[in-house]
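One-letter residues, chain by chain:
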2 protein chains.
Amino acid sequence: MLYLIGLGLGDVRDITVKGLEIVRRCSKVYLESYTSVLSVGQAQLEEFYGKQLILADRELVEQGCAAVLEAAKEEDVAFLVVGDPLGATTHSDLMLRAHEKGVETRVIHNASILTAVGCSGLQLYSFGETVSIVMWTETWRPHSYYDKIAANRQRGLHTLCLLDIKVKEKSIENLIKGREIYEPPRFMTAAEAASQLIEILELKRAEGVPVSEMAYREDSPCIGLARVGMETQCIKCCSLKEMSTCDLGSPLHSLVIPGNLHPMEIEMLRLFATNRTWFDDVCKAP
Amino acid sequence: MLYLIGLGLGDVRDITVKGLEIVRRCSKVYLESYTSVLSVGQAQLEEFYGKQLILADRELVEQGCAAVLEAAKEEDVAFLVVGDPLGATTHSDLMLRAHEKGVETRVIHNASILTAVGCSGLQLYSFGETVSIVMWTETWRPHSYYDKIAANRQRGLHTLCLLDIKVKEKSIENLIKGREIYEPPRFMTAAEAASQLIEILELKRAEGVPVSEMAYREDSPCIGLARVGMETQCIKCCSLKEMSTCDLGSPLHSLVIPGNLHPMEIEMLRLFATNRTWFDDVCKAP
């Protein structure tokens, strides 16, 4: 049996009681280590579980987890994923491959940023499509998420922006030379995401899009969230412009572009506003 | 301190380790009992926690949980919610009221149907706005969720339909006569939801909406989910027409109206298709 077990968002104790029981009785335990991170490292997880963990990096997972599935044919294997196990496409793929090989699977769900974002005070029912904001390079500056934010806003819906994570990536040089040298992990900050969103406005301006038709403006409100679900969780509501220079501390960060706000949402967001006078003015504006 | 603790979706062991530790050390533990249900009853929860639970019904919660907040001023109080604590508006309201009264709050997140729906094989990033389908009465037949499904479909997005729950409701007669008599709990089934969606098509037809412009048709695919996260979880993919006579067993049920399907989503959904020939035809259709 292959168990896909969600670890939730914070530390070792955010696994469910059921998940922990299963981990402790599995003969092999893999830890998916590249789509998200916890606030604690492998050593702390191993100590808490009383189990050695096998790191499952991008290569292992994208190559179909052959070793994982082979083991799961004979014994109980756990595959641990930060957040909910079905948040990312790769894990659906793992379930499909398991099915093809006749390996039974079971999912132990857990909290995910997709619902924990409710801590901002925004109603989960009022979110539209979630977008992913990727780190730009000098030559690769995709911004198709702008259109999704625009489509959500047009319907009055909020947009949760998940921010890019680069773990165990090789530099182009090392990739070309075939060297097994990895770059240090990088996590996009809410400030970087806000800057990128503002840069897209420049592009739109250059394309001749009138300001009134833009999905947001530099002074539109946004909500930056850091370390959601942890004791050090930090939520700030300010303009995109201000967010672009805001330090929310260590990862992971997310950013929300709100749509229409319900009075109760306004009341909650106000608690996180860096400037309440500004916030009240924004909420009064038509 | 007031802890809002998510219980997840299944049974007593779906609480997180952190959540359980907090419940066990709180002096008062409330159980929110009307927006969702677990597969286990109060007695089983009490036995597992080693604590007596105080039931928080709609009246208590909507009257502002004065007793809960009063207690939380002096001692550690836990407020347990099935799923994630911030899935429903009422719990944001509780946090706001706590803030007004100077009561500190902390949220222990957990799985919610909003992310666990990933077990259908549909990608969470491809869901649009979530809708709630309410049980119709003879005189009250709202269907504004039709427009939301239409707007999601237009953008190629899936729609998760949450189905109505009636717990501790009074009949109109008992309400008028002021009697404290409650109706037995009722949970809308995927079949009932599918029938209602089909009835809306009749209304649209009567309004003169051409078939080609409708958000879905009787033979559109849908996914019925029952008891997500539990051992008895059941997922079926068939036409709305077939779903309207499909028995998925005991509650809770949800229904998904898919948008555009990615090849991997098709591969996963196929596992749940009641009729694979039909399913392959539907996926081939333009």
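Quantities reported herein were computed from a predicted structural model and do not represent experimental measurements. (Residues numbered from 1 in each chain as written. Chains lettered and ligands numbered in written order. Predicted model: local features only at pLDDT ≥ 70, side-chain atom pairs only at ≥ 80, totals over all residues. Heavy atoms only, no water.)

## As for the overall build of chain A
In terms of helices and strands, chain A carries twelve helices and twelve strands. Since a compact globule built from 286 residues should have a radius of gyration of about 19 Å, the 21 Å found for chain A is in line with a globular shape. By its C-alpha atoms, chain A is 65 × 45 × 35 Å across when sized along the principal axes. Counting over 286 residues, chain A shows a buried share of 55%. (Helix = DSSP H or I, 4+ residues; strand = E, 2+ residues; numbered from the N terminus. Rg over C-alpha atoms; globule rule 2.2 N^0.38 Å. Buried < 20%, exposed > 50% of the residue type's maximum accessible area, 1.4 Å probe, protein only.)

## Quick look at the packing of helix α7 (residues 145–154) of chain B against helix α9 (residues 190–206) of chain B
Residues and elements named next belong to chain B. At a closest axis distance of 11 Å, the pairing of α7 and α9 adopts a crossing angle of 90 degrees. Judged by the angle between their axes, α7 and α9 are roughly perpendicular. In this structure, α7 uses Tyr145, Tyr146, Asp147 and Ile149 to contact α9, whose residues at the interface are Gln196, Leu197, Ile200, Leu201 and Lys204. By residue class, the composition of the contact of α7 with α9 is six nonpolar, one polar and two charged. (Axes fitted to C-alpha atoms, helices over the stretch in contact; angles between N-to-C directions. Parallel < 35°, antiparallel > 145°, perpendicular 65-115°, else oblique. Contact = heavy atoms within 4.5 Å. Nonpolar A, V, L, I, M, F, W, Y, C, P; charged D, E, K, R; others polar.)

## Brief notes about empty space enclosed by the protein
Going through the model one piece at a time under the given rule, you end up with three cavities of 30 Å³ or more. Quantified by volume, the largest cavity comes out at close to 240 Å³. Together, 16 residues line the largest cavity, and A:Leu114, A:Thr130, B:Leu114, B:Leu124 and B:Thr130 are the ones closest to its centre. Only α6 (113–116) of chain A together with α6 (113–116) of chain B provide two or more residues apiece to the lining of the largest cavity. Each residue belonging to the lining of the largest cavity can be placed in one class, and the counts come to nine nonpolar, six polar and one charged. (1 Å grid on protein atoms, 1.4 Å probe; cavity = no way out; pocket = protein on both sides within 12 Å on 5 of 7 lines; lining within 4 Å. Points joined across faces, edges and corners; volume = space filled by probe spheres on them.)

## Structural notes on the pattern of salt bridges
Where charged atoms from two side chains of opposite charge come close, those side chains can pair. Summed over the entire model, instances satisfying the criterion amount to 37 salt bridges over all chains. One salt bridge connects B:Glu231 with A:Arg106, and the closest N-O pair in it is separated by 3.4 Å. Of this pair, B:Glu231 sits in the loop between β10 (221–226) and β11 (234–239) while A:Arg106 sits in strand β5 (residues 105–108), each in a different chain. Assessed through its relative accessible area of 66%, B:Glu231 is described here as exposed. Classification of A:Arg106 as buried rests on a relative accessible area of 16%. Residue B:Glu70 is joined to B:Lys73 by a salt bridge in which the shortest nitrogen-to-oxygen separation is 3.8 Å. With B:Glu70 and B:Lys73 both in helix α4 (residues 66–74) and three residues apart, this pair spans about one turn of that helix. One connected set of salt bridges, linked through shared partners, spans A:Asp11, A:Asp14 and B:Lys18. (Salt bridge = Lys/Arg side-chain N within 4 Å of Asp/Glu carboxyl O.)

## Describing the pairing of strand β2 (residues 28–32) of chain B
Residue and element names in this part refer to chain B. Counted residue by residue, β2 has four buried out of five residues, so it is predominantly covered. As paired strands, β2 and strand β3 (residues 54–56) are joined by three bridges and run parallel to one another. Its bridge partner lying in β3, Glu32 is registered against Ala56. In this fold, the crossover linking β2 to β3 by way of helix α2 (residues 42–49) has right-handed handedness. (Pairing = 2+ DSSP bridges. Right-handed = clockwise from strand over helix to strand, strands pointing away.)

## Quick look at the sheet that holds strand β6 (residues 131–133) of chain B
Residue and element names in this part refer to chain B. Strand order in the open sheet formed by five strands is β6-β7-β12-β10-β11, with mixed pairing between adjacent strands. Pairing within the sheet leaves two strands with one partner each, and these edge strands are β6 and β11. Sheet twist, expressed as the mean angle between neighbouring strand axes with direction ignored, is 25 degrees. Across four bridges, the pairing between strand β7 (residues 159–163) and strand β12 (residues 253–257) is antiparallel. Residue Thr159 lies in a different strand from β12, and its bridge partner there is Ile257. Relative to β11, helix α12 (residues 276–284) is tilted by about 60 degrees, and along the sheet it contacts β10 and β11.

## Observations concerning helix α11 (residues 263–270) of chain A
Residues of α11(A) that are buried: A:Met264, A:Glu265, A:Met268 and A:Leu269. One face of α11(A) carries all of its buried residues, which in axial projection span an arc of 130 degrees. (Arc of directions from axis to C-beta.)

## Focus on the UniProt feature "binding site: S-adenosyl-L-methionine" (unreviewed entry) in chain A
With numbering matched to this structure, UniProt assigns "binding site: S-adenosyl-L-methionine" (unreviewed entry) to A:Leu9, A:Asp84, A:Gly87, A:Ser112, A:Ile113, A:Leu163, A:Val228 and A:His253. On the secondary structure map, A:Gly87 appears in the loop between β4 (77–81) and α5 (89–100). Of the residues examined, A:Gly87 reaches a relative accessible area of 14% and is grouped as buried. Among residues more than four places away in sequence, those in contact with A:Gly87 are B:Leu124 and B:Tyr125. Here A:Ile113 lies in helix α6. Residue classification places A:Ile113 among the buried residues on the basis of a relative accessible area of 18%. Setting aside its immediate chain neighbours within four residues, A:Ile113 contacts A:Leu9, A:Leu160, A:Leu162, A:Val228 and A:Ser254. (UniProt positions renumbered as here; feature names shortened; annotations may be inferred.)

## Thoughts on the side chain of A:Asn152
Mapped onto the elements, A:Asn152 comes out in helix α7 (residues 145–154). A polar contact is formed between the side chain of A:Asn152 and the backbone oxygen of A:Glu129, at a distance of 2.9 Å. Within the structure, A:Asn152 has its side chain in polar contact with the side chain of B:Arg155 (distance 3.0 Å). (Polar contact = N/O pair within 3.5 Å; in protein donor to acceptor, adjacent residues only side chain to side chain.)

## Brief notes about the interface of chain B and chain A
Taken together, the contact pairs 51 residues of chain B with 51 residues of chain A. Its largest share of buried area at the contact with chain A, chain B owes to B:Leu96, B:Tyr125 and B:Arg155, together 15% of the area lost on that side. In this assembly, chain B and chain A are joined by ten salt bridges. The residue A:Glu129 makes a salt bridge to B:Arg155 at a minimum N-O spacing of 3.5 Å. Summed over the shared surface of chain B and chain A, the result is 20 residue pairs in polar contact (both at pLDDT 80 or more). A per-element tally of the side of chain B that touches chain A places helix α5 (residues 89–100) of chain B first, with seven residues. In the side of chain B that touches chain A, the residues fall into 22 nonpolar, 15 polar and 14 charged. (Buried area = accessible area lost by both parts, 1.4 Å probe.)

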